[in-house]
Amino acid sequence: MSGEMEKPLISHHPVESDSSLAEAPTVGILGSGDFARSLAIRLVGSGFSVVVGSRNPKRTAGLFPSSARVTFQEEALNGPQVIFVAVFREHYSSLCGLSDQLAGKILVDVSNPTEQDHLQHRESNAEYLASLFPTCTVVKAFNVISAWTLQAGPRDGNKQVPICSDQPEAKRIISEMVHAMGFMPVDMGSLALAREVEAMPLRLLPGWKVPTLLALGLFVCFYVYNFIRDVLQPYIQNRKSKFYKLPVSVVNTTLPCVAFVLLSLVYLPGVLAAALQLQRGTKYRRFPDWLDHWLQHRKQIGLLSFFCAAMHALYSFCLPLRRSHRYDLVNLAVKQVLANKSHLWVEEEVWRMEIYLSLGVLALGTLSLLAVASLPSIANSLNWREFSFVQSTLGFVCLVLSTLHTLTYGWTRAFEESYYKFYLPPTFTLTLLVPCVVILARGLLLLPCLSRRLARIRRGWEKDSAVKFLLPSDLLVEKTSHV
Ligand code: NAP
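What comes next concerns the included structure.

Some words on the packing of helix H12 (residues 249-280) against helix H21 (residues 448-458)
Close contact between H12 and H21 brings their axes to 10 Å; oriented N to C, the two are set at 85°. One way to sum up the angle between H12 and H21 is to call them roughly perpendicular. Contacts from Ala 274, Gln 277 and Leu 278 of H12 reach H21 at Leu 450, Arg 453, Leu 454, Ile 457 and Arg 458. Classifying every residue of the contact of H12 with H21 by side-chain character gives five nonpolar, one polar and two charged.

Here's what the structure looks like:
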């Protein structure tokens, strides 16, 4: 078998420029369903010669590219050394009659289990296939690529193809095929890891569960709080029905609260991590698990913050379209006329509103930049300094702008008794708590005594180590350091 493996089955360039010099390598496919069809199209397009093994070739031949040969299963296995098994796991055993023809060949398992199957079987589909065909080499590959992506080509979908097998040579051969088909092979290790590879397409937005629950939790809390203050209080104390505010107005006062708090929660774990490193005097001790997870979820939390802020902007644009707003305006105008007031202009309110809106637009603009820069295609084009400038410096500027936006919204309301409905403080005062803590902490970390120590720790200095370590700038200030 190892002798067989030494033969170069697939060359790096499957089709030579002069086709008369080199024949296209032949690849076999067992099964003639959706996946087999897309695979055949891509393989033919990539310069391979394809032979499809079907139980009923007459029925399915018309669905395949004309250059692919569709024949009976036994016949299809005669030539090719690489066979794709495009059949569901429950039908693997029906292929056992082909064991002799398959002996010594590379079987590529492309199957995906259902969620239920994945829980039910402890052994992966690929390991099961290997146990049925012990004389073959099984490689797990292509299961994360949908039939649609295969057909449309890698430009329209995921490019990475995780591969695992116990036979390095077989893995190399399939990796070359993956490359030739325009995808990117990712070596995942031995076949024992096939279960993990098979779990990949079953995942539903990994990394988003906790941030989404956090955003929803914050939304519910702030919504209930705003409902009590803006709807329930006027109803109970003055018998005024403000329930019409529930779909737009209360949602619009809730969204910026969630966006603002989420944004501050993006920067809080960084501050906590810095404080821990300062207290421990080293960066070589692991953070507690909860902090580690929090740090890893900052991107998702930031994107949810952007989503809420964008929705807030949209809702705010819609506010003047509401009937209630028009009635309020007309009623105000009538009141003005009845009171014989011709000119309504409060200079302070005008300025407050101008500054408030401008800060809001600037904050949303900066947050949009952060969101765009977190997209993998953009993030990958930035070097580390550029990325950290955008996400750390610009992010902090965004937090400060949002804080100023909130402060100009609140203005003097925090000090006016009438705004404490049911003794509950105005919502904006609650939202300011975490962001102000983050801004103050970031300010403290800028103090030279702390920032220098933190910079040294992050470059490997340790409090209890006997190694002397100085930043170049420290050499002028201090001669030795007790580390
Ligand atoms: P499908 O359309 O139902 O095709 C399955 C094929 O299996 C049939 O066309 C049949 O071809 C063949 N087969 C062989 N023995 C069989 C038996 N005893 N009973 C029934 N069918 C038998 O399914 P598919 O969507 O192509 O999926 C095939 C494999 O690819 C599955 O393991 C799936 O998990 C995997 N996959 C599919 C996708 C996708 O997007 N569709 C993506 C990733 C992975 P003949 O009648 O010609 O023998």
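Examining the packing of aromatic side chains
Tallying each qualifying case throughout the model produces 10 aromatic pairs. A centroid spacing of 6.4 Å and a plane angle of 85° characterise the contact between Phe 142 and Phe 183, whose relative ring orientation is edge-to-face. One end of the pair, Phe 142, is in the loop between strand E6 (137-140) and helix H8 (147-152); the other, Phe 183, is in the loop between helix H9 (168-180) and strand E8 (184-189), with 41 residues separating them in the sequence. Like Phe 183, Phe 142 is buried. In this arrangement the basic side chain of Arg 239 is found over the ring face of Tyr 235, its NZ or CZ atom lying 4.9 Å from the centre.

Remarks on the layout of surface pockets
Taken as a whole, the second largest pocket spans an internal volume of roughly 1,300 Å³. Among the elements of the structure, H12, helix H13 (289-296), helix H14 (298-318), helix H16 (347-373), helix H18 (384-410), helix H20 (433-445) and H21 are those that each provide at least two residues to the lining of the second largest pocket. Counting residues per element, the lining of the second largest pocket draws most heavily on H18, which supplies 10 residues. Grouping the amino acids of the lining of the second largest pocket by side-chain chemistry returns 22 nonpolar, 10 polar and six charged.

Re empty space enclosed by the protein
If you walk through the whole model with that rule in mind, you get one cavity of 30 Å³ or more. Volume-wise, the largest cavity comes out at about 30 Å³. Lining the largest cavity we find Arg 89, Pro 113, Asp 117, His 118, His 121, Glu 123, Ser 124, Asn 125, Arg 195 and Glu 198. The set of elements that each furnish at least two residues to the lining of the largest cavity consists of helix H6 (115-120) and helix H10 (194-199). Residues that form the lining of the largest cavity fall into these classes: one nonpolar, four polar and five charged.

Looking at the side chain of His 405
As for its placement among the helices and strands, His 405 is situated in helix H18. Within polar-contact distance, the side chain of His 405 engages the backbone nitrogen of Gly 360 at 3.2 Å. Not counting residues within four places of it along the chain, the set of residues in contact with His 405 comprises His 312, Tyr 356, Leu 359 and Gly 360.

Things to note about the site of the ligand
In the vicinity of the ligand there are 20 residues, among which Ser 32, Phe 35, Ser 54, Arg 55 and Asn 112 approach most closely. Gly 33 is positioned with one of its backbone polar atoms (N or O) 3.1 Å from an oxygen atom of the ligand. Across the complex, the protein chains shield 81% of the 890 Å² of accessible surface that the ligand would expose by itself. Classifying every residue of the shell around the ligand by side-chain character gives seven nonpolar, 10 polar and three charged.

Looking at H21
Taken together, the buried positions of H21 are Leu 454, Arg 456 and Ile 457. Along the long axis of H21, the arc covered by the buried residues comes to 160°, so they all point the same way. Phi for Gly 460, located one or two positions after H21, is positive at around 110°.

Quick word on unusual backbone geometry
Comment: phi is negative for the bulk of residues other than glycine, and the bulk of peptide bonds are trans. The phi angle at Phe 142 is positive, at roughly 70°, despite the residue not being glycine. Its identity as a non-glycine residue notwithstanding, Trp 411 has a phi of 50°, on the positive side. With respect to the helices and strands, Trp 411 occurs in the loop between H18 and helix H19 (427-431).

A few points about the pattern of salt bridges
Applying the stated criterion across every chain yields a total of 11 salt bridges. In this structure, the salt-bridge partner of Arg 172 is Glu 176, at a minimum N-O distance of 2.7 Å. Within this pair, Arg 172 and its partner Glu 176 are both found in helix H9, separated by four residues, close to a single helical turn. According to the relative accessible area criterion, Arg 172 is partly exposed, its value standing at 32%. By relative accessible area, which is 11% here, Glu 176 ends up buried. Among the salt bridges present, the one from Asp 292 reaches Arg 286, with a minimum N-O distance of 3.4 Å. Linked through salt bridges whose partners overlap, the residues forming this network are Asp 109, Lys 140 and Glu 198.

Here we look at a nonpolar patch on the surface
A contiguous nonpolar patch, built from Tyr 235, Ile 236, Phe 243 and Phe 422 and spanning about 320 Å² of accessible area, is present on the exposed surface. Under the relative-accessibility criterion, Tyr 235 is labelled partly exposed at 31%.

Focus: the sheet that holds E8
Ordered by their spatial adjacency, eight strands build an open sheet running E3-E2-E1-E4-E5-E6-E7-E8, and the pairing between neighbours is mixed. With one partner strand each, in any of the chains shown, strand E3 (69-72) and E8 form the two edges of the open sheet. In this sheet, adjacent strand axes meet at a mean angle of 30° when their direction is disregarded. Examined bridge by bridge, E6 and strand E7 (residues 160-165) share two bridges and lie antiparallel to one another. Across the sheet, residue Lys 140 finds its bridge partner in E7, namely Cys 164. Helix H7 (residues 125-132) rests against strand E4 (82-85), strand E5 (106-109) and E6 of the sheet, and its axis sits at about 170° to E6. Taken strand by strand, H9 contacts strand E1 (26-30), E4, E5, E6, E7 and E8, and its axis lies near 165° from that of E7.

Reading the values: rules and limits
Residue positions are given per chain, counted from 1 along the sequence in the order it is written. Per-residue local features of the predicted model are confined to residues with pLDDT of at least 70, and side-chain atom pairs are confined, for both listing and counting, to 80 or more; whole-chain, interface and lining totals are unaffected and use all residues. Side-chain descriptors were evaluated using all non-hydrogen atoms of the structure, hydrogens and water having been removed beforehand. The convention used is that axes are lines fitted to C-alpha atoms, helices contributing only their stretch in contact, and that angles between N-to-C directions extend from 0 to 180 degrees. The secondary structure listing takes helices from DSSP runs of H or I that are at least 4 residues long and strands from runs of E that are at least 2 residues long, numbered from the N terminus. The scheme is simple: roughly parallel for angles under 35 degrees, roughly antiparallel for over 145, roughly perpendicular for 65 to 115, oblique for anything else. Working rule for contacts: check all heavy atoms of both residues, and any pair within 4.5 Å makes them a contact. Polarity classes work like this: nonpolar for Ala, Val, Leu, Ile, Met, Phe, Trp, Tyr, Cys and Pro, charged for Asp, Glu, Lys and Arg, and polar for all others, with Gly in that last group. In summary, the pairing rule links any two rings of Phe, Tyr or Trp, Trp by its six-membered ring, whose centres are within 6.5 Å, and it sorts them by plane angle into stacked for under 30 degrees, edge-to-face for over 60 and tilted for everything else. Buried means the residue's accessible area, taken with a 1.4 Å probe over protein chains only, is under 20% of the maximum for its type, while exposed means over 50%, and partly exposed covers the values in between. Think of it as a cone above the ring: NZ of Lys or CZ of Arg counts as a charge over the ring if it is within 6 Å of the ring centre and within 35 degrees of the ring normal. Here a cavity is any set of points on a 1 Å grid over the protein atoms alone where a 1.4 Å probe fits but cannot get out, and a pocket is any open set with protein on both sides within 12 Å along at least 5 of 7 lines; a residue lines the site when it has an atom within 4 Å of a point. Grid points are joined across faces, edges and corners, and a volume is the space filled by probe spheres set on the points. Two N or O atoms count as a polar contact when they lie within 3.5 Å, although within protein this holds only if one can serve as hydrogen donor and the other as acceptor, and sequence-adjacent residues are included solely when both atoms are side-chain atoms. Near is defined per residue: the residue qualifies when any heavy atom it owns lies within 4 Å of the molecule or strand. Only the protein chains shown count as covering a residue, and every accessible area follows the Shrake-Rupley method with a 1.4 Å probe. The arc refers to the directions leading from the helix axis to the C-beta atoms. Here a salt bridge means any side-chain nitrogen of Lys or Arg lying within 4 Å of a carboxyl oxygen belonging to Asp or Glu. Like charges are joined within 9 Å and nonpolar side chains (Val, Leu, Ile, Met, Phe, Trp, Tyr) within 5 Å, but only among residues with over 30% relative accessible area and no salt bridge; these make up the patches. Two strands pair under a simple rule: DSSP has to find at least two bridges between them.

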